[in-house]
Amino acid sequence: MRRDFQIAVQDCNIRCLRISSKWLSEQLLGMNFIENDYSHSESPIKSGLFDGYSAMNGHEFDVVMFANSILQYGEYQRAVQYMRNLLFQSNHDRGVSSISYFLYVYALYMAGEQLKDQRISEGSSASMNGGTNHSANSKANAPNGKAKNSSSGGNPKNPCLVELFNDLHPKYVKTFGSGTSAAVSGGGSGGASMNVMSVGLGHGHGHGFSDHGHAPVGLDSKVPGAAGTPSVSVEMDAFLLYLYGVVVRDLRRQGGGALAVPIGSFDGSAAVGGSASASSVPSAFSLLFTSCVIYPLNWSCWLELAEICLVDKVTLPFDEVSLVSLLGYSSGEGRAKTYTGNDPITLIVAEHLTSSNREMFKCMGLCFLAHLYLEQQVGDCALSILQHKLLPMFPNSQIVQSQIALSYYTMRDYNMAQQCFESSRDRDPYRMDHIDTYSNILYVKECRSELSYLAHSVTKVNKFCPQTCCVVGNYYSLKGHHEQAIVYFRRALKVNMNYLSAWTLMGHEFVELKNTSAAVYCYRRSIDISENDYRAWYGLGQTYEMLHLYQYAYYYFKKAALLRPKDGRMWCAIGESGFVLTACCAWFGWFGL
């Protein structure tokens, strides 16, 4: 298993999947080191186990290494330009490797995301600087309907999604042989449709490339002397399948007639928007799950799968028990044995899981379940998997240790959670992951000296990262300096506008200052980022309770209780607000109102 992880780190590194690479590297260090497990001369690259570079010629290798470097610095549009030039040249030469094509598609997607985030950030900054003067009892804040991000600047979208879909879908059809054609509307519901089977790179419309086939709308990169980017013949591997699933998911969510694909369905049958004929477009969930089965060690794909389960309320593909039965369909030589049933999850496993990937899929499936249970606030289930399954596999893993601490935190066993965090910090004092959660524990326990020491320690490590700002903000909040705490939470949001803890904690500070309109704004921004943050729902209930709007408070307390059904505080709050509502109804009845 060690060598599989080493090869996967290289696979993810060369494709700039930094989250996967970091996670795999940290888990690799968490394994027990066995001296005779491998010799120093048998590294994954020297021994030829990693063959990612073998399909490249010298020039392609140089361009890929350069694009990889600038992608790490966030120069996505520049990477798109260089990779497009490479695809243009290689089309007339000897073709292009799947890694080069992945880097192009990934850079294009990230360039669109960067453009979208810039527009969101501009709108958010304007709202924050405007004093967050949103009326707490206006109609926009009513609980009927989904909370809207009032600072999103007209709901900015990734301008490259349609073009990406129209290039990736034909490759999916060619490789997996499902579906005939699909068309995506380039604009709104009345936009012209496009047949993806006849559209290659650089011939998009609408949100994708311009009519001249050069840069996407809103991007400045151009191909010097090129009349358009050629269509590239590349088979879709697990990494391209992962990107395709992300694109399908984002198109489905952005709406506007772009792509009517049900995210949570497994049948893969969906009609596509515009005036297109019916076609077979797989759901985002099935695409991502298939990618995880083919290449289990792409942690980024598992994270996207968990995000779909959380946001779109999709049923878990398996649990700890059914995972074992799923692995039974990978026995024997080569491909998995045939499955004749109708269960879509088992069909995917039976079709794509090989016997060589069996243990990797089991390991990553358990990691996925532990992560998902923690996100769903089911700490006892996560703790069982972590302690009995994953800890024997990764006895020295800081990831597993911190997740055990998070499990205790979710179960409100703050003493055990504090002990686990302290043990983890003794081993790795410079690790910043989940350090803000550790500060929350110290805040709840009112450990002033420990929180002060932690704030000084993390400030020396990285003064301006969001985690440090939240730790320092918690320290000032515990001292009763709420204005100073808000300053640090704002500083965290300047670094990362989607940092969930900062929005929620800043809402708490505004509640302390009796600034209900600002508190409502912060909590709603937190819910926009993640609807599974029970603290934001509970904070909204408390805020409306302060305003004596008990009907709204009752609604939000119920939302929090659904996320934390074992937390007595939620049910007490529901009971109190419900009692007031009942008393008010009786009062109106007495007076005939």
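In case you missed it, the structure is sitting above this.
In short, a report on the structure. Predicted model, so just to flag it, every value in this text is computed and none were measured. (Residues numbered from 1 in each chain as written. Predicted model: local features only at pLDDT ≥ 70, side-chain atom pairs only at ≥ 80, totals over all residues. Heavy atoms only, no water.)

Turning our eyes to something else, we now look at helix 3 (residues 58-72). Between its terminal C-alpha atoms helix 3 stretches 22 Å, which fits the 21 Å expected from 15 residues at 1.5 Å a residue. Among all positions in helix 3, only Glu 60, Val 63, Val 64, Ala 67, Asn 68, Ile 70 and Leu 71 are buried. Taken from the residues just after helix 3, Gly 74 is the one with a positive phi, measuring 80°. (Helix = DSSP H or I, 4+ residues; strand = E, 2+ residues; numbered from the N terminus. Expected span 1.5 Å × (residues − 1). Buried < 20%, exposed > 50% of the residue type's maximum accessible area, 1.4 Å probe, protein only.)

Space inside the second largest pocket adds up to approximately 630 Å³. In terms of lining residues, the second largest pocket is bounded by 23 residues, among which Tyr 443, Val 444, His 508, Arg 535 and Arg 569 are the most central. Mapped by element, the contributors of at least two residues to the lining of the second largest pocket are helix 16 (435-444), helix 18 (466-478), helix 19 (482-495), helix 20 (500-512), helix 22 (534-546) and helix 24 (568-590). (1 Å grid on protein atoms, 1.4 Å probe; cavity = no way out; pocket = protein on both sides within 12 Å on 5 of 7 lines; lining within 4 Å. Points joined across faces, edges and corners; volume = space filled by probe spheres on them.)

Right, let's get into the packing of aromatic side chains. Under the criterion given, the structure shown has 22 aromatic pairs. Centroid distance Trp 302 to Phe 368: 5.3 Å. Interplanar angle 45°. Geometry classified as tilted. Pair noted here: Trp 302 is in helix 9 (residues 299-311) and Phe 368 is in helix 12 (residues 358-375), with a separation of 66 residues, a long-range link. A relative accessible area of 0% means that Trp 302 is categorised as buried. Look at Tyr 555 and Tyr 556: their rings are 5.1 Å apart centre to centre, the planes differ by 80°, and that puts the pair in the edge-to-face class. Here the aromatic cluster, defined as three or more aromatic residues joined through ring pairs, consists of Trp 537, Tyr 544, Tyr 552, Tyr 555 and Tyr 556. Cation over ring: Arg 15 sits above Phe 239, and NZ or CZ is 4.0 Å from the ring centre. (Phe/Tyr/Trp six-rings, centres within 6.5 Å; stacked < 30°, edge-to-face > 60°. Lys NZ or Arg CZ within 6 Å of the ring centre and 35° of its normal.)

With that settled, the discussion passes to the side chain of Asp 436. For Asp 436, the position within the fold is in helix 16. Arg 535 provides the closest opposite charge to the buried, unpaired Asp 436, separated from it by 7.0 Å. A polar contact of 2.7 Å, which involves the side chain of Asp 436, links it to the side chain of Tyr 499. Among residues more than four places away in sequence, those in contact with Asp 436 are Gln 467, Cys 470, Val 471, Asn 474, Tyr 499 and Ser 501. (Lys, Arg positive; Asp, Glu negative; His and termini not counted. Salt bridge = Lys/Arg side-chain N within 4 Å of Asp/Glu carboxyl O. Polar contact = N/O pair within 3.5 Å; in protein donor to acceptor, adjacent residues only side chain to side chain. Contact = heavy atoms within 4.5 Å.)

Two side chains bearing opposite charge may form a pair once their charged atoms approach each other closely. According to the stated counting rule, one finds 19 salt bridges in the structure shown. For Glu 113, the salt bridge goes to Lys 116, with nearest N and O atoms at 3.3 Å. One end of the pair, Glu 113, and the other, Lys 116, are both in helix 5 (residues 98-129), three residues apart, so they sit about a helical turn from each other. Lys 116 matches Glu 113 in its accessibility class, with the two residues each being buried. Across the salt bridge formed by Asp 567 and Arg 564, the nearest N and O atoms sit 3.2 Å from each other. Residue Arg 564 is classed as buried on the basis of its relative accessible area, which comes to 6%.

On to empty space enclosed by the protein. Applying the stated criterion across every chain, the model contains one cavity of 30 Å³ or more. In this structure, the largest cavity encloses a volume near 60 Å³. What lines the largest cavity is simply Ser 402, Phe 421, Ser 424, Arg 425, Asp 428, Arg 431, Asp 433 and Ile 435. With three residues, the top contributor of residues to the lining of the largest cavity is helix 15 (residues 414-427).

On to unusual backbone geometry, then. Phi at Cys 16 takes a positive value of approximately 65°, unusual for a residue other than glycine. Here Cys 16 is to be found in the loop between helix 1 (2-14) and helix 2 (18-30). What makes Cys 16 buried here is its relative accessible area of 5%. One non-glycine residue, Lys 313, lies in positive phi territory at about 55°. Mapped onto the fold, Lys 313 is located in the loop between helix 9 and helix 10 (320-327). The class for Lys 313 is exposed, based on a relative accessible area of 54%.

On to helix 6 (residues 161-176), then. For an α-helix, the turn length of 3.6 residues means that residues three or four places apart are oriented alike. Helix length check: helix 6, at 16 residues, gives a terminal C-alpha distance of 21 Å against a target of 22 Å (1.5 Å per residue), a fit within 8%. Summarising burial for helix 6: 13 of the 16 residues are buried, a large majority. Downstream of helix 6 by one or two residues, Gly 177 has phi in the positive range, about 70°.

In this structure, Leu 17 sits in the loop between helix 1 and helix 2. Taking the relative accessible area as the measure of exposure, Leu 17 reaches 3% and is therefore buried. Residues Leu 17 and Asn 298, spaced 281 residues apart in sequence, show a C-alpha to C-alpha distance of 8.6 Å. Excluding its chain neighbours within four sequence positions, the residues that come into contact with Leu 17 are Cys 12, Phe 102, Tyr 106, Phe 239, Tyr 242, Asn 298 and Ser 300.

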